[in-house]
Amino acid sequence: MHTLKNKNYWFSSGYLFLFFITWSLWWSFYSIWLNGTLGLNGSQTGTIFSINSFLSLIFMLLYGIIQDKIGIKKYLVWFQSVFLMGIGPFIIYVYEPLLQTNFFTGALLGGLYFGAGFIAGAAFLESYTEKLSRKFNFEYGTSRMWGSIGYACATFIAGLLLSINPHLNFWIASVAGLGFFILNCLFKFEVSAKEEEKTSNLSVKDIISIFKVKKFWYFVTFLFGTACIYTIYDVQLFPIYFTQHFEDVKTGYKVYGYLNSFQVLLESAMLFAAPFIVNRIGAKKALILAGFVMGSRIIGSALVDSAVGISFIKLLHGVELPILLIAIFKYISLNFDQRLSATIYLIGFKVSGEIGVIIFSSSIGKLYDKTSFEITYFVLGTIVYIFTIAAIFFLSNHKSTQDKLIHSVTSKTVK
């Protein structure tokens with residue numbers, strides 16, 4: 001009840017709600033649009049995902065370092081809102097024509113736009129609202145829940161609009177982006193002198209010191225071998241595979257939209273419950289649990305051969321993602337300097353994931369072009385299981401002496 005009376009909670013939740021509406025309207029059917037509407041093959045789609053991921057790395061690195069340096073000031077939120085408002089005109093008048101006439105130029109410009117505004121932007125906004133949750137004393141998971149609700153609301157109509165005209169999705173996404181901009185105009189808060197001093201004392205040396213910690217690299221390796229492989233499966237492969245279970249592809253679009261909405265609503269409910277689960281079993285065990293669910297969903301997709309079965313497999317995402325997301329932030333807060341949370345989250349989770357997409361997207365696209373979805377899923381699921389099992393031995397349950405030493409190096413007393 002205290003949270004519901006906290007206006008800062010509602011503004012922070014509004015950021016996530018409107019952002020994920022803007023993103024979902026085009027991203028949830030992105031691979032289907034590339035493959036079905038534009039007629040790109042698996043190799044071309046994989047190349048696009050690799051370029052998107054590669055260029056987003058630049059913005060993730062910049063967003064993490066800049067945001068940790070400026071704390072909760074809204075400069076990057078203003079910057080991001082411009083990309084959200086312009087998404088419709090960009091895709092319709094720039095991106096789509098270029099992909100059909102000058103593929104690599106279109107892919108390059110799209111990678112820059114999507115990387116800055118959405119792929120890196122989503123990671124930035126999640127880390128930014130997590131900082132707000134610590135400042136204004138509300139649970140991040142309940143705020144992030146509104147992002148999932150926004151995604152579900154948008155996905156519910158996105159499948160219908162895609163079957164009519166994909167451009168409708170893009171225009172409505174820009175309208176939601178305008179709402180994000182207006183919300184940012186209305187959200188006002190004070191940054192205390194103590195907070196400014198705390199973040200201004202953060203130096204480049206402090207940030208670089210995190211790369212000397214073995215525990216950081218174990219964390220990155222786990223996410224690299226699980227979350228990034230799962231992302232390729234979930235975004236690049238699964239939507240196309242799902243619609244193949246229907247005789248009429250437009251029916252597949254609609255069902256995928258309905259199911260995606262239900263899945264994200266389930267995700268919303270789990271985001272409410274996930275903090276309790278993670279606090280109960282611990283961050284390490286929660287990460288491992290999420291890894292096994294990811295691997296099971298990938299391999300499970302190869303074992304079912306009906307629309308009903310593949311639909312149930314998809315719903316596992318609504319269980320896995322909330323636990324993974326909350327566990328990541330909890331693991332970071334327990335093991336590293338909290339002032340570096342944005343940098344660690346973006347580099348440790350998002351950058352490692354995007355590097356994995358860069359490395360594997362094209363080759364995985366070629367694999368399912370030459371073999372089948374089923375064989376590809378067995379390969380990906382096995383990789384996720386291997387890294388998850390390794391994490392049992394390498395991830396940490398709590399702070400060690402080494403981490404406390406690094407924390408003392410990267411922290412400066414604020415008087």
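Calculation criteria
- Residues numbered from 1 in each chain as written.
- Predicted model: local features only at pLDDT ≥ 70, side-chain atom pairs only at ≥ 80, totals over all residues.
- Heavy atoms only, no water.
- Helix = DSSP H or I, 4+ residues; strand = E, 2+ residues; numbered from the N terminus.
- Buried < 20%, exposed > 50% of the residue type's maximum accessible area, 1.4 Å probe, protein only.
- Contact = heavy atoms within 4.5 Å.
- Areas by Shrake-Rupley, 256 points an atom, 1.4 Å probe, with all protein chains shown as cover.
- Lys, Arg positive; Asp, Glu negative; His and termini not counted.
- Charge placed at Lys NZ, Arg CZ, Asp CG, Glu CD.
- Core = buried A, V, L, I, M, F, W, Y, C linked by side-chain atoms within 4.5 Å.
- Axes fitted to C-alpha atoms, helices over the stretch in contact; angles between N-to-C directions.
- Parallel < 35°, antiparallel > 145°, perpendicular 65-115°, else oblique.
- Left-handed = near helix turned anticlockwise from the far one by under 90°.
- Nonpolar A, V, L, I, M, F, W, Y, C, P; charged D, E, K, R; others polar.
- pLDDT = per-residue confidence, 0-100.
- 1 Å grid on protein atoms, 1.4 Å probe; cavity = no way out; pocket = protein on both sides within 12 Å on 5 of 7 lines; lining within 4 Å.
- Points joined across faces, edges and corners; volume = space filled by probe spheres on them.
- Salt bridge = Lys/Arg side-chain N within 4 Å of Asp/Glu carboxyl O.
- Patch = residues over 30% accessible without salt bridge, like charges linked within 9 Å, V, L, I, M, F, W, Y side chains within 5 Å.
- Expected span 1.5 Å × (residues − 1).
- Phe/Tyr/Trp six-rings, centres within 6.5 Å; stacked < 30°, edge-to-face > 60°.

(A) Region of interest: the overall build of the protein. Counting its secondary structure elements, the protein contains 18 helices and zero strands. With respect to the three principal axes, the spread of C-alpha positions in the protein is 65 × 45 × 45 Å. By the burial criterion, 59% of the 415 residues in the protein qualify as buried. For the protein, the proportion of contacts with a sequence separation of at least 24, taken over those separated by at least 6, is 87%. Total accessible area computed for the protein in this model is approximately 16,700 Å², and 69% of it derives from carbon and sulfur atoms. Here the protein contributes 32 positively and 21 negatively charged side chains, and the mean placements of these two sets differ by 10 Å.

(B) Up close: the nonpolar core. Ranked by internal contacts, the top residues of the largest apolar core, which has 133 residues, are Trp26, Tyr30, Leu34, Tyr95 and Phe114. Of the residues forming this core, the biggest block, 17 residues, is contributed by helix α11 (residues 214-243). Excluding residues within four positions of it along the chain, Phe114 makes contact with Trp26, Tyr30, Asn52, Ile87, Phe90, Ile91, Tyr95, Ile119 and Ala120.

(C) Representation of the packing of helix α1 (residues 7-27) against helix α8 (residues 166-186) within the structure. Packing of α1 against α8 leaves a shortest axis separation of 8 Å and a crossing angle of 165°. The angle between α1 and α8 places the two elements in the roughly antiparallel class. You can see that α1 and α8 cross each other, and the crossing is left-handed. Contact residues: Phe11, Gly14, Tyr15, Leu18, Phe19, Ile21, Thr22, Leu25 and Trp26 in α1; Asn169, Phe170, Ile172, Ala173, Ala176, Gly177, Gly179, Phe180, Leu183, Asn184 and Leu186 in α8. Split into classes, the residues belonging to the contact of α1 with α8 amount to 14 nonpolar, six polar and no charged.

(D) Looking closely at unusual backbone geometry. The phi torsion at Asn137 lies on the positive side, around 60°, for a residue other than glycine. Along the chain, Asn137 turns up in the loop between α6 (103-136) and α7 (140-164). By relative accessible area, Asn137 is classed as exposed at 57%.

(E) Geometry of the packing of α11 against helix α12 (residues 249-281). Here α11 crosses α12 at 125°, and the two axes come no closer than 8 Å. Taken as axis vectors, α11 and α12 run oblique relative to one another. For the element pair α11 and α12, the recorded crossing hand is right-handed. For the pair α11 and α12, the contacting residues are Phe238, Pro239, Phe242 and Thr243 in the first and Gly252, Tyr253, Val255, Tyr256 and Leu259 in the second. For the contact of α11 with α12, a count of residues per class yields seven nonpolar, two polar and no charged.

(F) How the structure looks around the confidence of the model for the protein. Considering every residue of the protein, the mean pLDDT works out to 83; 92% of them sit at 70 or more. Counting interchain partners and residues more than four positions distant, the pLDDT-below-50 stretch residues 399-415 has 31 contacts.

(G) View of the layout of surface pockets. By volume, the second largest pocket amounts to about 260 Å³. For the second largest pocket, the lining is made up of 14 residues, of which Glu130, Glu139, Phe329, Lys330 and Ser333 are closest to its centre. For the lining of the second largest pocket, the secondary structure elements donating two or more residues are α6, α12 and α15 (317-335). No other element matches the four residues that α15 contributes to the lining of the second largest pocket.

(H) Spatial organisation of the side chain of Ser311. Structurally, Ser311 is set in helix α14 (residues 307-315). The exposure class assigned to Ser311 is buried, which follows from its relative accessible area of 14%.

(I) Representation of empty space enclosed by the protein. In this structure the tally under the stated criterion is four cavities of 30 Å³ or more. Computed from the structure, the largest cavity encloses a volume of approximately 830 Å³. With nine residues, the single largest contributor to the lining of the largest cavity is α11. Taken together, the residues that form the lining of the largest cavity break down as 24 nonpolar, 13 polar and eight charged.

(J) Structural context of the pattern of salt bridges. Per the stated rule, a full pass over the model turns up four salt bridges. In this structure, the salt-bridge partner of Lys131 is Asp68, at a minimum N-O distance of 2.9 Å. With Lys131 in helix α6 and Asp68 in helix α3 (residues 42-70), this pair connects stretches of sequence that are 63 residues apart. As far as burial versus exposure is concerned, Lys131 and Asp68 are alike and both buried.

(K) Layout of a nonpolar patch on the surface. Together, Tyr93, Val94, Leu108, Leu109, Leu112 and Trp171 give the surface a local cluster of nonpolar side chains, amounting to about 540 Å² of exposed area. Of all the secondary structure elements, the ones that give two or more residues to the nonpolar patch are α5 (87-101) and α6. It is α6 that contributes the most residues to the nonpolar patch, three residues altogether. Here Leu112 lies in helix α6.

(L) Structural detail: α8. In a regular helix each residue adds 1.5 Å, so 21 residues correspond to 30 Å; α8 covers 31 Å between its end C-alpha atoms and thus fits that length. Among all positions of α8, only Pro166, Asn169, Phe170, Ala173, Ser174, Ala176, Gly177, Phe180, Leu183 and Asn184 are buried. Contacts made by the buried residues of α8 are with α1, α2 (30-37), α4 (75-85), α5, α6 and α7.

(M) Examining the packing of aromatic side chains more closely. Inspection of the entire model under this criterion finds 54 aromatic pairs. Ring centres of Phe216 and Phe336 lie 6.3 Å apart, and the angle between their planes is 85°; on these two criteria the pair is classed as edge-to-face. Of this pair, Phe216 sits in helix α11 while Phe336 is found in the loop between α15 and α16 (341-370), placing the two residues 120 residues apart along the sequence. Residue classification places Phe216 among the buried residues on the basis of a relative accessible area of 1%. You can call Phe336 buried: its relative accessible area is 4%.

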